[in-house]
Amino acid sequence: MNRPTFPQVIVVDDDEATVEVFSEYLELNNVKVLATAHNGFDAVKIFQQNRPEIVFIDVMMPIYDGFYALEKIREIDPDVPIVMVTADLSKATEERLVSLGASKIIYKPFDIPELLDCIETYAKR
Amino acid sequence: MKTEYTQDLELQRILLREINKKLKSQKALQNKDSATPSFGELQSMCEQITKSQKRASYKTILAVAAILSVGFLATSFMSLDNSNESSPLSTYYVVENVRGDKLGINTHLALSDDSVSVRILDRVGLDAPTINAIKMAILSEETVEIDGSITHKTRPDDYSTYYVGWKGALGSITEPTKNILPKSFVFSDSSNAQITIEIVGHTNPDGYDGITRSILSADNNSITKSHITVYNADKKSSNEIETIIRHEFGHALGLKHSTDPDDLMAPTITSAYPFISECVLEGLFHLYDGMSQEEYECKS
Ligand SMILES: [Zn+2]
């Protein structure tokens, strides 16, 4: 049987409980969570260390937020899919995320199966 | 007809934890060689997204992402319902009781005046009568009288009054409330509209006909925005769409589900008279008068 290679991701959210349950869910669905971080600064660090296929970043984090991480990671890698997760529905936030190079915006509370589905889409490339 | 409602992030975490538990027990049962579950099941939906990405502009993709990202809590709730396990989550919306039906109350819509802006995003090109039906579920001030022999809520020949539209229903509340009660609804194309109704042609992967996603204020004390999605709209009658909107709009105003299977706010709408009942109105009054995160018990 041809075993597929698992998509490899990093997860960044300031809420540790969210990171924990979300990562566990991903792992249970054969997505490899290489590393997690709780702020935008560490997000950039774990990105450089792990070079994941897909990056998940929560927008609202204290001090070094998701915008910071998005901008820095985009500078390092113009192609890596970066999925931004936010509860902020405002046009301004959407535009800012798009202009900084977000691949996709997922609004909280999100549909987890849909998220997995898009991991597959991005991982196939 | 399935309809569902999504609430806040804490609930999402709780549900995710619950799903993880279930996945783990499923995995334990599976033999080791067949261990690629969800991806296969999600294939068709993935194709849908890819297709839409090909023809859509980037902005539209974002919109699609937003629409698709609402089903999770609802799904979890249903799947928990379907499995015959006793789960603490099944009591989240509804507290069991032996007498009377209870209507869940979430939190009120945050308003600076009594006017609410509503945007309709029609992705399927509905005909004018259907658009009108959607507006009627909100704007109608019409009432219908239904005989007790049908509703079983009153004696036969005693009639109960139901409202066809939310405007009429809310307008009938004359007592003052602590929070501003919405009284008028203005249709607008602005993305800042407080309630967005998105009508789409695709199928919700979890089988829902309608979903409402509400964003709560930072203090969780009010709803700042709601997004209603109606799925498979091109395969539905205008009557069905009107009913779904009537139900989902109730969520957008802050209502949760009712334990009464014949009520408009029942999780699955099967009622022959899916209109706004006195019970729903009383619940709304208490909701806007400061009661929150509780169940309102309807007088029968
Ligand atoms: Zn519902």
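About the criteria used
Residues numbered from 1 in each chain as written. Chains lettered and ligands numbered in written order. Predicted model: local features only at pLDDT ≥ 70, side-chain atom pairs only at ≥ 80, totals over all residues. Heavy atoms only, no water. Helix = DSSP H or I, 4+ residues; strand = E, 2+ residues; numbered from the N terminus. Buried < 20%, exposed > 50% of the residue type's maximum accessible area, 1.4 Å probe, protein only. Contact = heavy atoms within 4.5 Å. Areas by Shrake-Rupley, 256 points an atom, 1.4 Å probe, with all protein chains shown as cover. Core = buried A, V, L, I, M, F, W, Y, C linked by side-chain atoms within 4.5 Å. Donors = N, O, S within 2.8 Å, 3.2 Å for Na, K, Ca; no water. Expected span 1.5 Å × (residues − 1). Polar contact = N/O pair within 3.5 Å; in protein donor to acceptor, adjacent residues only side chain to side chain. Pairing = 2+ DSSP bridges. Patch = residues over 30% accessible without salt bridge, like charges linked within 9 Å, V, L, I, M, F, W, Y side chains within 5 Å. Salt bridge = Lys/Arg side-chain N within 4 Å of Asp/Glu carboxyl O. Phe/Tyr/Trp six-rings, centres within 6.5 Å; stacked < 30°, edge-to-face > 60°. Lys NZ or Arg CZ within 6 Å of the ring centre and 35° of its normal. pLDDT = per-residue confidence, 0-100. Axes fitted to C-alpha atoms, helices over the stretch in contact; angles between N-to-C directions. Parallel < 35°, antiparallel > 145°, perpendicular 65-115°, else oblique. Left-handed = near helix turned anticlockwise from the far one by under 90°. Nonpolar A, V, L, I, M, F, W, Y, C, P; charged D, E, K, R; others polar.

The next subject is the overall build of chain A. Across its full length, chain A carries 5 helices and 5 strands. Across chain A, helices and strands are ordered from the amino to the carboxyl terminus as β-α-β-α-β-α-β-α-β-α. Residues classed as buried in chain A amount to 57% of the 125 residues present. Here the analysis covers contacts within chain A between residues at least 6 apart in sequence; of these, 62% occur between residues at least 24 apart. Accessible surface for chain A amounts to roughly 5,200 Å². Of this, 50% is attributable to carbon and sulfur atoms.

Core analysis: the largest hydrophobic core is formed by 40 residues, its most contacted members being Trp166(B), Ile195(B), Ile197(B), Ile245(B), Phe249(B), Leu253(B) and Leu284(B). Residue assignment for this core shows that the elements contributing at least two residues are β3 (115–122), α6 (128–139), α8 (166–171), β7 (195–199), β9 (223–230), α9 (238–252) and α10 (278–288) of chain B. Looking at this core element by element, the count peaks at 6 residues for α10(B). Each residue touching Leu253(B), except ones within four places of it in the same chain, is listed here: Thr107(B), His108(B), Leu109(B), Trp166(B), Leu170(B), Pro182(B), Phe185(B), Leu284(B), Leu287(B) and Tyr288(B). Membership of the second largest hydrophobic core comes to 24 residues, among which are Ile10(A), Ala69(A), Leu70(A) and Leu100(A).

On to the coordination of the zinc ion, then. Residue and element names in this part refer to chain B. The protein atoms that coordinate the zinc ion are His 247 (NE2), His 251 (NE2) and His 257 (NE2), at distances spanning 2.0 to 2.1 Å. Donor residues for the zinc ion sit on one chain with the sequence pattern H-x3-H-x5-H. Of this pair, His 247 sits in helix α9 while His 257 sits in strand β10 (residues 255–258); the two residues are 10 residues apart in sequence, bridging distant segments of the chain. The same class applies to His 247 as to His 257, namely buried.

A few words now on the environment of Arg17(B). Looking at the element boundaries, Arg17(B) is found in helix α1 (residues 9–29). When sequence neighbours within four positions are dropped, the list of residues in contact with Arg17(B) reads Ala17(A) and Val21(A).

With that out of the way, let us pick up helix α1 (residues 16–28) of chain A. Residue and element names in this part refer to chain A. An ideal rise of 1.5 Å per residue puts 18 Å on 13 residues; α1 measures up with 18 Å between its terminal C-alpha atoms. Those residues of α1 lying buried are Thr 18, Val 19, Val 21, Phe 22, Ser 23, Tyr 25, Leu 26 and Leu 28. The opening residue of α1 is Asp 15, an N-cap whose side-chain oxygen sits 3.3 Å from the backbone nitrogen of Ala 17.

Next up on the list: the pairing of strand β4 (residues 82–86) of chain A. Residues and elements named next belong to chain A. Among the 5 residues that make up β4, 5 are buried, leaving the element largely enclosed by the rest of the structure. Neither face of β4 is exposed, since Ile 82, Met 84 and Thr 86 on one face and Val 83 and Val 85 on the opposite face are all buried. Across 4 bridges, strand β3 (residues 54–58) lies against β4 in parallel orientation. Directly across from Ile 57, in β4, lies its bridge partner Met 84. Pairing of β4 with strand β5 (residues 104–107) involves 4 bridges; the strand directions are parallel. Looking at β5, one finds that Val 83 is bridged to Lys 104.

A contiguous nonpolar patch, built from Phe41(A), Ile63(A) and Tyr64(A) and spanning about 350 Å² of accessible area, is present on the exposed surface. For Tyr64(A), the location among the structural elements is in the loop between β3 and α3 (66–76).

Next up on the list: the environment of Arg96(A). Residues and elements named next belong to chain A. Relative to the elements of secondary structure, Arg 96 occurs in helix α4 (residues 91–99). The exposure class assigned to Arg 96 is partly exposed, which follows from its relative accessible area of 43%. Remark: the alpha-carbon pair of Arg 96 and Phe 67, spanning 29 residues in sequence, is separated by 8.2 Å.

What follows covers the packing of aromatic side chains. Following the criterion strictly, the structure yields 5 aromatic pairs over all chains and no others. Considering the side-chain rings of Phe41(A) and Tyr64(A), the 5.0 Å spacing of their centres and the 45 degrees angle between planes classify their relative orientation as tilted. Highlighted residues: Phe41(A) in helix α2 (residues 40–50) and Tyr64(A) in the loop between β3 and α3, separated in sequence by 23 residues. For Phe41(A), a relative accessible area of 41% puts it in the partly exposed group. In this structure, Lys135(B) packs its charged tip against the face of Phe187(B), placed 5.1 Å from the ring centre.

Within the chain, Ile63(A) stands out as a residue other than glycine whose phi angle is a positive 60 degrees. Given the relative accessible area of 81%, Ile63(A) is considered exposed. Positioned with a positive phi, Asn232(B) is a non-glycine residue whose angle comes to about 50 degrees. Relative to the elements of secondary structure, Asn232(B) occurs in the loop between β9 and α9. Judged by relative accessible area, Asn232(B) falls into the buried class, the value being 17%.

Here we come to the confidence of the model for chain A. Atom-level detail of predicted coordinates should not be read off regions where pLDDT is low. Residues with a pLDDT of 70 or more make up 87% of chain A, whose mean pLDDT is 85. The least confident element of chain A is helix α5 (residues 112–123) of chain A, whose mean pLDDT is 70; the most confident is α3(A), at 95.

Quick look at the packing of α2(A) against α3(A) now. Residues and elements named next belong to chain A. The geometry of α2 relative to α3 is characterised by a closest axis approach of 8 Å and an angle of 25 degrees between their N-to-C directions. Regarding the angle of α2 to α3, the classification is roughly parallel. Considering how the two elements wind past one another, α2 and α3 form a crossing that is right-handed. Facing α2, whose interface residues are Gly 40, Phe 41, Ala 43, Val 44, Phe 47 and Gln 48, α3 presents Tyr 68, Ala 69, Lys 72, Ile 73 and Ile 76. Across the contact of α2 with α3, the residue classes tally to 8 nonpolar, 2 polar and 1 charged.

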